[in-house]
Amino acid sequence: MRIKKIEVIGFKSFADREVVVLDDHVTAVIGPNGCGKSNIVDAIRWCLGEQRAKHLRGGGMADVIFAGSSTRGPAGMAEVTITFESEGDGPSAFHQFAEIAVSRRLYRDGTSEYLINKVPCRLRDINDMLAGTGISAKSGYSIIEQGRVGELVTSKPETRRKVIDEAAGITKFKQQKVQATRKIDQTRQNLLRVTDVIGELEGRLGSLKRQAQKAERYKRYRTELRDLELWHASHKLLELRATARVLERRRSELEEQVEDLRNESATREARHEAERVALREAESKLQHEQQRLYDLENRIQLIEQDRRFKLQEQDGLRRSAEQSRAEKEAVERSLESLEAEHKEVEAQRAELGADDEGGEGLEARCETLEAELNDLALRLRHEREALERTRGERGRVSSRSASLEATLLSRAESIEELRERVETMGAELGELEASDDSDDNRLQEAQRTLTEAGERVGELRERRVLLDRERSELREQLRSAEVEVETARKELLRARSRLQSLEEIQSRYQACHGGVQVVMEQREQLAEIGAELSAAAGLGGSASGGAGASFMPSPGADLGDAPKPATQIHGIMADYINAPAHLEAAVSAMLGDRLQGVVVDGPVAGASGVELLKRLEEGRTTFLPKDSGGVGWAQPSAAGKPIAWSDPSAP
């Protein structure tokens, strides 16, 4: 790998982007002092990962960013990119790239970035890529500055050895060795910690075993408690259901009674309502008749008052007629006297007319008489007019009197009729009052009955409220009981499923050692091995017999009827032990793994099982023969009794 070009932006004195191309003809960079020759070397060192500012001729890492000048401001970041030309001697991971660009950026806020081919990476990735190539910020010979040669010549052998190792390319492997050693040390520390943890766990194992046994006992007690609770809940549910049925029947009876009472009350209400309607009709009729009676009485009084007024008016008219008649007679008498006087005056006038020699006294008297005559004529005329008026008034009074007499006669007849009707209505009123009294009595009796029925209905309503409350309470109890039953049913289903799984585990002996499971599953192969062992030992009898047992065919018997050797397995030792519940833990702790011993017919079956486990390499187990030659295994006793041994040779 060789440097192809260097791209600098904002680094120290390079404010703008500058690209330095290093082709095959470039061997040195020359220029006056202060033109930036050393800054190019510092850019290479900084881009390769230099972290020490003093090696970059600065007081801090921010000094590498362009600080500005009199004509332009400071830069916000510094970036240097070194492009390497790969000739096949680079890292294996970058062989497919013809060029490898390593970049570093630094911002004013202190943020730093590393990139390989414009892909963000870590400084460690750059160091790993350049390890063994001699190109590194820490390399002792890739960048040789002023005075460096003298330092190498006068340095210690260890320092020169590092430079030589780096030049030889073995520094990379030393670093890998150091990293591997560090990982080994960390692994050893982890192993020590694991060992300590295992020691602590082993110390706790005993207590954990005891806790596990306590947990098993707790599970068993909890199962028993759950069974008892289920039993109690089922009995309680049955009791509540029976009570609910009784209360339901009682409630139905009471509802029927309430319905009957309601119907009876409705019937009575209808009857009372009909009676009330009839009573209201009678009252309205009575009021109507009373109103008619009052109207008739008022009319009678008015008619009597009118009759009295008419009588008084008739009397007045009669008196006025008599007075008019008297006045008429007086007027007629005065008229006759006047006529007589007139005749006398006429006669005197005639006498005076006949006497031509009248005196002034006679003329005066004549004038006086004429004035008197005129007055008498005027009075006569007035009297005649008054007489005519009196006659007209008398005619009118007579006609009015006749009409009044006719009206009085008709009114008298009406009064008689009204009196008859009043008497009839009085009789009817008496009858209505009598019926009203009887209706009042019946109404009072109906009201008493209605009050009693209302009181009874109130009592029944109160009783119904109590029954409804009791029914709601029973429903709540029934609902809670159903919830308990449902919970108990779920618990029972879980218990049944667990029992099935436990029975399946027990039938397959999954809780036992692997050797016991193999023996139980490979019974046919065990029988074949038993037959082979019996044949090898010269036993003609069944492998399930004792050590000295043999099969002797009877004379004339077919040898094909001889029993074939077979190995009989009866289960494990735990199947033959039935201890009380409070002693199960003690028996289990005392016998331990012996409870998993396989019970077989005889020693040959046990030897067959051992041979089977050897062939299959499935561990080991214990075989317990029922028949060992002298001592036999007694049949399992009744449930709840311990197992027993018996000696066949005993008397």
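Residues numbered from 1 in each chain as written. Predicted model: local features only at pLDDT ≥ 70, side-chain atom pairs only at ≥ 80, totals over all residues. Heavy atoms only, no water.

The name given to the protein in an unreviewed UniProt entry is Chromosome segregation protein SMC, and the organism recorded there is Plesiocystis pacifica SIR-1.

Quick look at the overall build of the protein now. On a plain count of helices and strands, the protein comes out with 10 helices and 11 strands. Within the protein, buried positions represent 24% of all 651 residues. Pairs at least 24 residues apart make up 63% of the contacts formed inside the protein by residues separated by at least 6 positions. (Helix = DSSP H or I, 4+ residues; strand = E, 2+ residues; numbered from the N terminus. Buried < 20%, exposed > 50% of the residue type's maximum accessible area, 1.4 Å probe, protein only. Contact = heavy atoms within 4.5 Å.)

What follows deals with the sheet that holds strand β4 (residues 99-107). Spatial ordering of the open sheet is given by β2-β1-β3-β4-β5-β6, a layout of six strands whose pairing is antiparallel. Either end of the sheet is taken by a strand with one partner, and the two such strands are β2 (18-21) and β6 (119-121). Between one strand axis and the next, the sheet turns through 20° on average, direction left out of account. Two strands pair when backbone bridges link them, and strand β3 (residues 77-85) and β4 are joined in this way by nine bridges, in the antiparallel orientation. When the sheet's bridge partners are listed, I82 is paired in β4 with V102. This element, helix α1 (residues 37-47), spans β1 (2-9), β2, β3 and β4 of the sheet and lies at about 85° to β3. Across the sheet, helix α2 (residues 123-130) touches β4, β5 (112-116) and β6, and the angle it forms with β5 is around 40°. (Pairing = 2+ DSSP bridges. Axes fitted to C-alpha atoms, helices over the stretch in contact; angles between N-to-C directions.)

Let us look at the pairing of β1. Relative to β3, β1 runs antiparallel, the two sharing seven bridges. Each residue of the ladder has a partner; that of I6, found in β3, is I82.

Attention now moves to the sheet that holds strand β8 (residues 598-600). The sheet built from three strands is open, its strands ordered β7-β8-β9 with mixed pairing. Edge positions in the open sheet fall to β7 (569-572) and β9 (623-625), since each of these has one partner strand only. Across the sheet, the mean angle from the axis of one strand to that of its neighbour is 25°, orientation sign disregarded. In this sheet, β8 lies alongside β7 in antiparallel orientation, the contact comprising three bridges. If you follow G571 over to β8, its bridge partner there is V599.

Once that is clear, we can look at the nonpolar core. Core analysis: the biggest nonpolar cluster contains 30 residues, and F11, W46 and V80 have the highest contact counts within it. Elements with a contribution of two residues or more to this core: β1, α1, β3, β4, β5 and α2. Ranked by the residues each element gives to this core, the list is headed by α1, at five residues. Once residues within four sequence positions are removed from consideration, V80 is found in contact with I6, E7, V8, F11, A43, W46, C47, V102, S103 and R104. Counting residues in hydrophobic clusters, the runner-up holds 15 residues, among them V519, M520, I529 and V598. (Core = buried A, V, L, I, M, F, W, Y, C linked by side-chain atoms within 4.5 Å.)

Next up on the list: helix α10 (residues 603-616). For an α-helix, 3.6 residues make a turn, and residues three or four places apart therefore share a direction. Its 14 residues place the ends of α10 20 Å apart at the C-alpha level, agreeing with the 20 Å of an ideal helix rising 1.5 Å per residue. Positive phi shows up at E617, right after α10, with a value of about 55°. (Expected span 1.5 Å × (residues − 1).)

Taken together, the side chains of E329, E332, E336 and E339 define an acidic patch exposed on the protein surface. Looking at the secondary structure, you find E336 in helix α5 (residues 171-354). (Patch = residues over 30% accessible without salt bridge, like charges linked within 9 Å, V, L, I, M, F, W, Y side chains within 5 Å. Areas by Shrake-Rupley, 256 points an atom, 1.4 Å probe, with all protein chains shown as cover. Salt bridge = Lys/Arg side-chain N within 4 Å of Asp/Glu carboxyl O. Lys, Arg positive; Asp, Glu negative; His and termini not counted. Charge placed at Lys NZ, Arg CZ, Asp CG, Glu CD.)

Following the criterion strictly, the structure yields one aromatic pair and no others. With 5.3 Å between their ring centres and 35° between their planes, F11 and W46 make a pair best called tilted. Pair noted here: F11 is in the loop between β1 and β2 and W46 is in helix α1, with a separation of 35 residues, a long-range link. Across the pair, exposure class does not vary: F11 and W46 are buried alike. Between the NZ or CZ atom of R220 and the centre of the ring of Y221, over which it lies, the distance is 5.5 Å. (Phe/Tyr/Trp six-rings, centres within 6.5 Å; stacked < 30°, edge-to-face > 60°. Lys NZ or Arg CZ within 6 Å of the ring centre and 35° of its normal.)

This part is about the pattern of salt bridges. In a structure, side chains of opposite charge can pair up when their charged atoms sit close to one another. As enumerated under the stated definition, the model contains 16 salt bridges in all. Put simply, R72 and D16 hold a salt bridge, and the shortest N to O gap is 2.9 Å. Of the two residues, R72 is situated in the loop between α1 and β3 and D16 in the loop between β1 and β2; the sequence distance between them amounts to 56 residues. For R72, a relative accessible area of 39% translates into the label partly exposed. With a relative accessible area of 40%, D16 lands in the partly exposed category. One salt bridge connects R268 with E264, and the closest N-O pair in it is separated by 3.0 Å.

Overall, the prediction assigns the protein a mean pLDDT of 76, with 82% of residues at 70 or greater. Within the model, pLDDT remains below 50 along residues 539-566, and this stretch shows 26 contacts once partners closer than five positions in the same chain are excluded. Scored below 50 in pLDDT, residues 629-651 makes 27 contacts in the model with residues more than four places away or belonging to other chains. (pLDDT = per-residue confidence, 0-100.)

We now examine the side chain of E7. Inspection of the secondary structure puts E7 in strand β1. With a relative accessible area of 18%, E7 lands in the buried category. Within the structure, the side chain of E7 is placed 2.4 Å from the side chain of R17, a separation counted as a polar contact. Beyond its immediate stretch of four places on either side in the chain, E7 contacts R17, E18, V19, E79, V80 and T81. (Polar contact = N/O pair within 3.5 Å; in protein donor to acceptor, adjacent residues only side chain to side chain.)

On to the environment of E372. Structurally, E372 is set in helix α6 (residues 360-508). Judged by its relative accessible area of 42%, E372 falls in the partly exposed class. With 30 residues separating them along the chain, E372 and H342 place their C-alpha atoms 9.8 Å apart.

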